[in-house]
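Geometric and topological summary
Listed below are the residues making up each chain.
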Amino acid sequence: MAEKIVQTAGREALGEFAPEFAHYNDDVLFGENWNNQDIDVKTRCIITVTALIASGMTDNSLKFHIINAKNNGVTQKEMAAVITHTAFYAGWPKAWAAFNLAKEVYAQDAAK
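Everything numeric in this text was worked out from a predicted model, so none of it was measured. (Residues numbered from 1 in each chain as written. Predicted model: local features only at pLDDT ≥ 70, side-chain atom pairs only at ≥ 80, totals over all residues. Heavy atoms only, no water.)

1. Describing the packing of aromatic side chains
Applying the stated criterion across every chain yields a total of 2 aromatic pairs. Between F30 and W34 the ring centres are 5.9 Å apart and the planes differ by 15 degrees, which places this aromatic pair in the stacked class. Seen in terms of ring centroids, F88 and W92 are 5.3 Å apart; in terms of plane orientation they differ by 75 degrees. Their pairing is edge-to-face. Taking relative accessible area as the criterion, W92 reaches 46% and is therefore assigned partly exposed. When the ring centre of Y106 is taken as reference, the NZ or CZ atom of K70 above it lies at 5.6 Å. (Phe/Tyr/Trp six-rings, centres within 6.5 Å; stacked < 30°, edge-to-face > 60°. Buried < 20%, exposed > 50% of the residue type's maximum accessible area, 1.4 Å probe, protein only. Lys NZ or Arg CZ within 6 Å of the ring centre and 35° of its normal.)

Printed below as a string of structure tokens:
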């Protein structure tokens, strides 16, 4: 069994302001959904990146999930293929924005 995914960002950012949302974020989305074993974490990461690009979320949340994908085994070549494939269905400008974030994330390897 894979290492259990634990998330506390919801409580840290919104715990006092929106405790119910923080609960859903940390305990349900990341606690239950991300720990579901029906699909592996690498595939889940690819699905999440694709969904965020498709919805136009090309901000820090996408960058976080690209980092997460990289940390869960998605190679630079695979990420480039995922973004390219998504571009045809979600939009070329969204893919450009996603590539800018992915280049930042994967450049960290080249800098080492």
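2. Re the pattern of salt bridges
Under the definition given, this model contains 4 salt bridges. With a shortest N-O distance of 3.3 Å, D26 and R11 are connected by a salt bridge. Placement of D26 in helix α2 (residues 19-33) and of R11 in helix α1 (residues 9-14) is noted, with a sequence separation of 15 residues between them. The exposure class of D26 is buried, given its relative accessible area of 2%. The salt bridge involving K63 is made with E104; its shortest N-O contact spans 2.7 Å. Remark: E104 occurs in helix α6 (residues 92-110) and K63 occurs in helix α4 (residues 60-71); sequence separation between them is 41 residues. Note on K63: relative accessible area 21%, which makes it partly exposed. The class of E104 is partly exposed, set by a relative accessible area of 41%. Sharing partners across several salt bridges, the network here consists of R11, D26 and D27. (Salt bridge = Lys/Arg side-chain N within 4 Å of Asp/Glu carboxyl O. Helix = DSSP H or I, 4+ residues; strand = E, 2+ residues; numbered from the N terminus.)

Purely geometric stuff here, so don't read any function into it on its own.
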